[in-house]
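# Topology and contacts: notes
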Amino acid sequence: MAKRSTKVQHVGIDVSAKTLQVAMDGSDGVRDMEFSNDADGHKKLCKVLTKKRFAARVCLEATGTYSLDAAIALSAAEGVEVMIVNPKSARHFAEAQLRRAKTDRVDARALMDYARRMPFVVWERPSRERLHLRQIARRISSLIEETTAEKNRLAAAQATGETPKLVLCDIEEGIEQLERRVAKLEAAALELIAGAPDLTRLLRVVTSIKGIAERSAIRLLGELLMLPADMSPREVVAHAGLDPRPRQSGTRDAKRQISRVGNTRLRAALFLPAMVAARFEPAVRAVYERLVERNKLKMVATVAVMRRLLVALWVMILREQPFEPEKFGPKAVTAE
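In this report, the structure presented in the accompanying data block is examined. What you see is a predicted model; the values in this text were computed from it and never measured. (Residues numbered from 1 in each chain as written. Predicted model: local features only at pLDDT ≥ 70, side-chain atom pairs only at ≥ 80, totals over all residues. Heavy atoms only, no water.)

## Some thoughts on the side chain of histidine 42
Note that histidine 42 resides in helix α1 (residues 39-51). Of the residues examined, histidine 42 reaches a relative accessible area of 9% and is grouped as buried. Setting aside its immediate chain neighbours within four residues, histidine 42 contacts Leu20, Ser36, Asn37, Asp69, Ala70 and Ala73. (Helix = DSSP H or I, 4+ residues; strand = E, 2+ residues; numbered from the N terminus. Buried < 20%, exposed > 50% of the residue type's maximum accessible area, 1.4 Å probe, protein only. Contact = heavy atoms within 4.5 Å.)

## A look at the environment of arginine 215
Note that arginine 215 resides in helix α8 (residues 214-224). With 94 residues separating them in the primary sequence, arginine 215 and leucine 309 have C-alpha atoms 16 Å apart. The contacts of arginine 215, once residues within four sequence positions are left out, are Ile144, Val182 and Glu186.

## Digging into the pattern of salt bridges
Evaluation of the coordinates by the stated rule reveals 14 salt bridges. Where arginine 215 meets glutamate 186, a salt bridge forms, and the shortest distance between an N and an O atom there is 2.3 Å. Of this pair, arginine 215 sits in helix α8 while glutamate 186 sits in helix α6 (residues 165-194), and the two are 29 residues apart along the sequence. Arginine 215 gets classed as partly exposed once you look at its relative accessible area, which sits at 42%. On the accessibility criterion, glutamate 186 (14% relative accessible area) is buried. (Salt bridge = Lys/Arg side-chain N within 4 Å of Asp/Glu carboxyl O.)

## Topic: a positive patch on the surface
Together, Lys7, Arg31, Lys43, Lys47, Lys51 and Lys52 give the surface a local cluster of positive charge. Its location among the elements puts arginine 31 in strand β3 (residues 31-36). The partly exposed category is assigned to arginine 31, whose relative accessible area is 46%. (Patch = residues over 30% accessible without salt bridge, like charges linked within 9 Å, V, L, I, M, F, W, Y side chains within 5 Å. Areas by Shrake-Rupley, 256 points an atom, 1.4 Å probe, with all protein chains shown as cover. Lys, Arg positive; Asp, Glu negative; His and termini not counted. Charge placed at Lys NZ, Arg CZ, Asp CG, Glu CD.)

## What to know about the nonpolar core
Counting residues in hydrophobic clusters, the biggest one holds 58 residues, and the most contacted among them are Leu133, Leu224, Leu242, Leu310 and Leu313. Contributions of two or more residues to this core are made by α5 (128-158), α6, α7 (197-206), α8, α9 (233-239), α10 (264-280), α11 (282-293) and α12 (298-319). Sorting elements by how many residues they give to this core places α12 first, with 13 residues. What leucine 133 contacts, discounting residues up to four positions off in sequence, is Ala189, Leu192, Ile193, Leu199, Ile218, Leu221, Gly222 and Leu225. (Core = buried A, V, L, I, M, F, W, Y, C linked by side-chain atoms within 4.5 Å.)

Function cannot be read off these values alone, since they describe shape.
Structure below.
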């Protein structure tokens, strides 16, 4: 087998939902290419990077789902190293270079320069167990959404006496089948967690909050364990789309609302635990009641609790420490 060249090729990738904008340095200048952000596109990109048998150092931003599959495919290619950078670090680097334009091609070139100029920290691929947990958790989330939709259809069908019994029975059977499938997947997830010591510890950590049962913990861990450990609480909150955004039009200032630009699965997985914790976890209940007393609507207070709960969960996971009620109050670190 021919030895791989000691020459290093630096590559920057701007990731979007559907495409990968790639910038590669070379002896004849920078080469710009675009690939689809799917299995076929990843395969073609790996082929290009390994064709000349150069060692390749690839830099891309952490963009959750969109970047994860590409990073996994690239890290498995021979001679390819991957670095996933915090979006904030990449933005500051581009600003320091006085890059005024912002396009996919410009961003890809900035990431290529980042790989060339900054210390290259090789990304570690998540364990097989963590990747499988994410897949199982997401399937559970999808089935729960389908179950909720079917229950709504059943309620609508039962509201009128004109619905044939056959239709009602069919919807009920569909709900029962979906619930059995969810239970089967949850059992598989718990079996997977039981076989991985790190996941077992983290499950105990997350469920130390009254309001987070195993079902919610599976969904939360499936999303949170895929995030880079150097993400700040504020960045994790933004990743979930729970960051408050001001709205202003003319001379009228509207109340701030959450951005909703982020991981919808993580946001959905937090909603019920926040409601339950606001009832049964004293420290969380105290925060919730204080927010309501400040003339906050109950839903607004619940969203604020979701945001604080997410910050607490992130710190707990990083430190592998159970919930500390005294740190959830007004002095707690939040992203508000």
